[in-house]
Each structure stands twice: as structure tokens, then as C-alpha cells.
Amino acid sequence: MKVICLLIRRWVITLVVVSVVIPIESVLAQKTDSIPGVTLGLLYERGYQPALAIQPFSGRLGGETLASQVEGIIARDLRYSDRFEVMDSLPESLVGDEIDYQFWDQLGAVWLLSGTLEGAGDGFVLVLELHDVVYGDIRQRGRFYIRDEMSSEFRMTVHVVSDEIVDWIFNEPGMAASKIAFSRRTEDGNQEIYLIDSDGENFHRLTDYKNLTMTPTWSPDGDRIAFISRKEIGLPRIYEMNLATGEERIIDPDWRGDHITPAYSPNGKDIAFSVTGGKRSGIYSYDLELNCCLTHISGGRWDDISPTFSPEGSRIAFNSNRLGTAHPQIYVMPFSGGEADLISPYLHGQEGYYTSPEWSPIGDYVAFHGRVSRRGRYHILVAEVSDQGRRLRQLTWEGNNEDPSWAPDGRHLVFVGKREWGTGLMIVDTATGKYRMLLRGLDVRVPEWSPSLGTSELGSLR
Amino acid sequence: MDDSLYIGEIFDMDTHRIGLGMRIKDLLVPGLAVALLISACAKDPAPPPAPTGPTAEEIAQQRAAAAAAEAAAAEAARLKAEQEAAERERVRRDRAIAEARSTLRELVNFDYDESAITDQAEQILRRKVPILRNSPSVQIRLEGHADERGSTEYNLALGSSRAESVREFLSGFGISGDRLTTTSFGEDRPLVSRSDENAWSRNRRVEFAITGGTIVP
């Protein structure tokens, strides 16, 4: 009898595991687009992904009904992290109530999570244990405060747990406790800012200005969003909104020209943006703490736009059409000013259109999109800054793909994907090339992934 | 009692009632003549019963009245003609202003990814120059647009470059740059909401918004 049971278990689990690892798009699609003199290709670290099993979470003191929902959120977050083969949702009759290392070992699990959700005051405490199945031992134990399920922060407090598990195992940042801001074309033809959680839940509108309001960017602490809008003076201006209070301020509205493409410095002290139109066009920085003082960083008779800071804040990458309006390129220069280095693969006399740079929060990588062929397709590319465009990683191979933005794990990118079925937000794991749909069928623009929102205020009670 | 009350009174022997001089009244024609006739008759204490026709004096008065009416009509016609001429002039001027406005507002298109002024755009811009010279108070906002292809952010810059090209062109003809401001809507305000070559070529444009001043045609 026991043998039959084990066979059934194996069969069920094989089905579960196999069904989760098929990428949405085949990354082995033919590589017909090429840039002369540039190595373009898949440089994925197609490494081993450990299997992580989840023992069904139990509940106590009122946590019974919510336990499986919390478990489900964590299981999906870990699957979306693209770091594990996740085994979950196994029938309790197969798994049993007690931790059985031998059973999980036979299934090939390397890690096992078990958890108990207990009612506590106006929320819950999740007591979580990470087991090393091979050694048959508890590796980590934590207690996490989970907000009441009616709270708007309920899901975010669970995502914080998922990121903690990634940190326990890999000692690297996760990206579950994060949101993505973007703009979307509304019925009246305007653009408004929207937000969505990293797992595709909680999609909602942030602004209702009935105007062209777009290109949101997050402050490093995740408390504020800056964006452009024409809502007050009929010209694009930079606004900064405090997400908790809804308070808003406009940045130096009297400075002539269009103000576009804002980006925070990593310490949150400065905001850099572009002024276009007129002789004073270029990238400027503005001191948010002193609430004054525009400092000119770069610029000329051309347009320098879309600044993005290196993680340590000493350099910026940006987009410039100094080689001609048909040849926008990506450059890197010191934030304090100086010479700009080209990092996109420009070859004199060749076509080349590279825009929308974003510097990874971890390491010297800049993602952008480029028109890599005469067919006019746009694809997501990643360049290593020191490499000066000699080697590029191409991450998309189908449709049109624009405006990449890095997740706080420095590994995933969200971008606007245009396919035959329409436009949406897609996520690609730069390590494995796996895709996932985040939001399908909406006319979305310029997404910006937040930093980790697992702040101490929301975080664990270890 | 005033004498005039008796004028034209008729005493009816059968009914013993006094009626008004109906026959006299029947004969009276234009309103102006009535007053003249009544005042003339008033001098006659014993008016003849029921005059059979207008007297020479009455005819003269009627003629005078007709002449006065004619003169008044001629004056009215002259005024009307003057007004019509003024109206025609006003319409002509309005039309000239409207034409000038429409010339000023005629948009210019650009090649794909380019901000250079094309030959066709140059012809359109040259027609604006004399109007801008004649109308020194007119201020214009040059609004640059891009087609939907390419990146949202870069298209803001591209629209701005196009508006700058137009400003530089007009400045080259002596139109002060201070009268010309620029802004870019990027790809977000398409003229034609389709995704084909025709729509793209029409959406790559600079529009001219008159933001102040008086047009002198």
C-alpha cells in the first residue's frame, strides 16, 4: 500500500514540476537581426535551479482560513523569482502533517518551507521555517508580521517574506515586494499613471489629471514618485508625489523649455531631468532637499535625455541624438560633468537607434532598447558599461519591445511588449531568458520598477 | 373748446347725431399730408362740406412730401451703400485675416526620424514670413509631434528638435526667436490614429498655435 501511495505521489509531483518550467517565448528563435561588428546573443547562465517544496501552511488562533492564501502568494513569488523549481499545492493527504525529510528527498526537493499563521492583534504572525532537506535540518527560522487581509498592505507584507526567503538561500535581493509604475492611454486620449504589484495584482490608477501625465520614476526609498505632466502650465513639468500623503510639488516650473524624463539619484537627494527646446537644453540636476538650484550636467545643440544613475551615483547613462536625430545613442558620463562615452554599438554609416537606457541597481549593466535591423523591430538589449557596446545581450526576439526597467533584484526587466495580440507589460529574467506576462492588452508606456518596498515599517518581526 | 373740434363735423338730420368728417378723412392720403391739411383747414371757420378733390395747394404739399420722402430714401440708400461697403471691407479684411491665420497655422511635416526642414515644409514656412513681419505682436507656439514608432521618451526629444528646426528657420528670416516658443507632444497627440505609412507621415509634424497678438494681413 505504501509503495502505491509513493508512486502516486511521484506521478502527481512530476506533473506539477513539469508544468511550471516552460517559458512563454522560445528564446531559441532564429537570430536574423544583427549588428555588424557586435556580438549579439544569448549569454544566459542556464544553471541548475534547486527544487523548493512547500509543506502546506497551517493556521492557529484565527489564521486557519488565511494560511493557504499566504502560502499561495509565497509559492507564486518564488516561482516568479526564477531561482527555484517550486513544488507546492500538493494534496495534504500525500504530504501529511509532519515534516518527512525522507519523503521530500525522494521527490528531489533541496529546500522545504513550512509555516504556521497565527492570529495576533489586528494582523497575523507567520512563523516560517526553511529546511535543508538533504541535511534533514532547519536552516533558518523567522517570524513575520502579516497585515490583516482587508488591509491594502496585506499582500505586500507577504511579498516581504518571499524576498527574505531568497535572501536566506542566495544572500541576494528579491523583487517580490515591489510595484511597477507606468502610464496608460485613457479613453479621452490622455495618459495617466498606474501602479501594479510585481505579481500582477492590485492594478490601479494613481493620477486622474485628464492630461498627458507619464514617465513615472521612483525615489530610492519607494515613498515618492516623480513624473511629467502638462496639467498646469500647458508645458511638461516635473512633479513629485508623496505616495503616502498624496502631497505634490512641482520642480522649478519657470525654467524655460519642456522638462522631461526625471530620475532620482541613488541617495534621493537630487533629481536629474532633461530640458528640451531652446539654447539651454540638456540634462540638469535639481537639489530636492534645498528645493532649489538647477545644475547643468550635459547638453548642447542636440538633445540629451533619459538620464539614469549608476548604483553608487557617481555616473549617469543617458540618451543623446548628437550624432543626428535618426541615430540616438546611449552614453555614460560622470555625474559631476565631463566627457561622455558611447556604450551603444554605433558604427559610422550604419543604422543604429538606441534609446531608453536604465542602469541596473546592481552592477555595471545598462538596459535599453534598440532598432537592430532594417526591418524596424525594436528589441531589449543589455550592455556592460566597461565593454563599450562590443558585446550586447539581446533579451527579446519577437514583436516589438521597448522601455526596459530593472527590478530591485538587478536580474529581471519589465518592458512594453507589442505582439500580434496587442500591447502589454512583460517581464524577462536576464539570467534564464524566461518570460512572463504582467499585464496584457493595454496601451501601456514607459514602465518603471520600484525599489524594494520591504521597508522596516512593513518588514519582519524577527 | 378748441375750434378744430368742429372741423368736418356732420350733423345727421335723421339721427340727430354728430359724426366725424368721414369723407374728408377718406380723401386724406399720406400721413404727412393729413397734418398739413388739418392745419390749413383749421383757419377756415366754416369749412365746405365734403371737398370733392385735392386743391392745388394740397397737390403741391403732397409733391413736397413725396420729394422729402425721396430725399430721405436716397439718404438711407447712401448710408446703406456706405455700410455695405464698410461691411464688404470688413468681410474682405476678416477673410484676409482668416487667410493669414490659416497660412500661419498651416502645419509642416517631416521625414521619418528627421528634424530637417523639407523642401515642401520650406515653401509653407516662407509663406508665413511676410505675415509674421506685418504682425509684429503675433506670438506663436511651435508644437512638435512624432509618429508612434520609436520610444516614447525619445519621441518627445524628436518633436522638440522639429519645433527647434522651425524656430531656427524662421529666425533666419529675421523673425525674433522671442516670439516663437516651442514644446513637444512626442507621439501622444496623433493627428491620425492609425498605424500605416500615411498616418505616420501626417503625424510627423510641427503645428503652429497663435498664442497672442493681432494679425495684420
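Residues numbered from 1 in each chain as written. Chains lettered and ligands numbered in written order. Predicted model: local features only at pLDDT ≥ 70, side-chain atom pairs only at ≥ 80, totals over all residues. Heavy atoms only, no water.

A closer look at the overall build of chain B
Looking only at helices and strands, chain B features six helices and six strands. Tracing chain B from N to C terminus, the helices and strands come up as β-β-α-α-α-β-α-β-α-β-α-β. A total of 217 residues make up chain B; the buried ones form 34% of that total. For chain B, long-range pairs separated by at least 24 residues make up 73% of all intrachain contacts whose partners lie at least 6 apart in sequence. Looking at chain B as shown, the accessible area adds up to about 12,900 Å², and 55% of this sits on carbon and sulfur atoms. (Helix = DSSP H or I, 4+ residues; strand = E, 2+ residues; numbered from the N terminus. Buried < 20%, exposed > 50% of the residue type's maximum accessible area, 1.4 Å probe, protein only. Contact = heavy atoms within 4.5 Å. Areas by Shrake-Rupley, 256 points an atom, 1.4 Å probe, with all protein chains shown as cover.)

A look at the packing of helix α4 (residues 119-134) of chain B against helix α5 (residues 152-172) of chain B
Residue and element names in this part refer to chain B. Where α4 meets α5, the axes come as close as 10 Å, and the angle between the chain directions of the two elements is 55°. Regarding the angle of α4 to α5, the classification is oblique. Considering only the axes of α4 and α5, their crossing is right-handed. Judged by residue contacts, Glu122, Leu125, Arg126, Val129 and Leu132 of α4 engage Val166, Phe169 and Leu170 from α5. Looking at the contact of α4 with α5, its residues break down into six nonpolar, no polar and two charged. (Axes fitted to C-alpha atoms, helices over the stretch in contact; angles between N-to-C directions. Parallel < 35°, antiparallel > 145°, perpendicular 65-115°, else oblique. Left-handed = near helix turned anticlockwise from the far one by under 90°. Nonpolar A, V, L, I, M, F, W, Y, C, P; charged D, E, K, R; others polar.)

Quick word on the side chain of A:Asn400
Residues and elements named next belong to chain A. For asparagine 400, the position within the fold is in strand β27 (residues 400-406). For asparagine 400, a relative accessible area of 18% puts it in the buried group. Within polar-contact distance, the side chain of asparagine 400 engages the backbone nitrogen of tyrosine 378 at 2.8 Å. When near neighbours in sequence (up to four residues on either side) are disregarded, asparagine 400 contacts Gly376, Arg377, Tyr378, Val416, Gly417, Lys418 and Arg419. (Polar contact = N/O pair within 3.5 Å; in protein donor to acceptor, adjacent residues only side chain to side chain.)

Regarding the sheet that holds strand β4 (residues 139-145) of chain B
All names here are of chain B. With mixed pairing, the four strands of this open sheet are ordered in space as β3-β6-β4-β5. At either margin of the open sheet sits one strand with a lone partner, and together these are β3 (108-109) and β5 (180-186). By the bridge criterion, six bridges tie β4 to β5 in an arrangement that is parallel. Bridge pairing in β5 places glycine 144 opposite serine 184. This element, α5, spans β3, β4, β5 and β6 (205-212) of the sheet and lies at about 155° to β5. (Pairing = 2+ DSSP bridges.)

What is shown is where atoms sit, not what they do.
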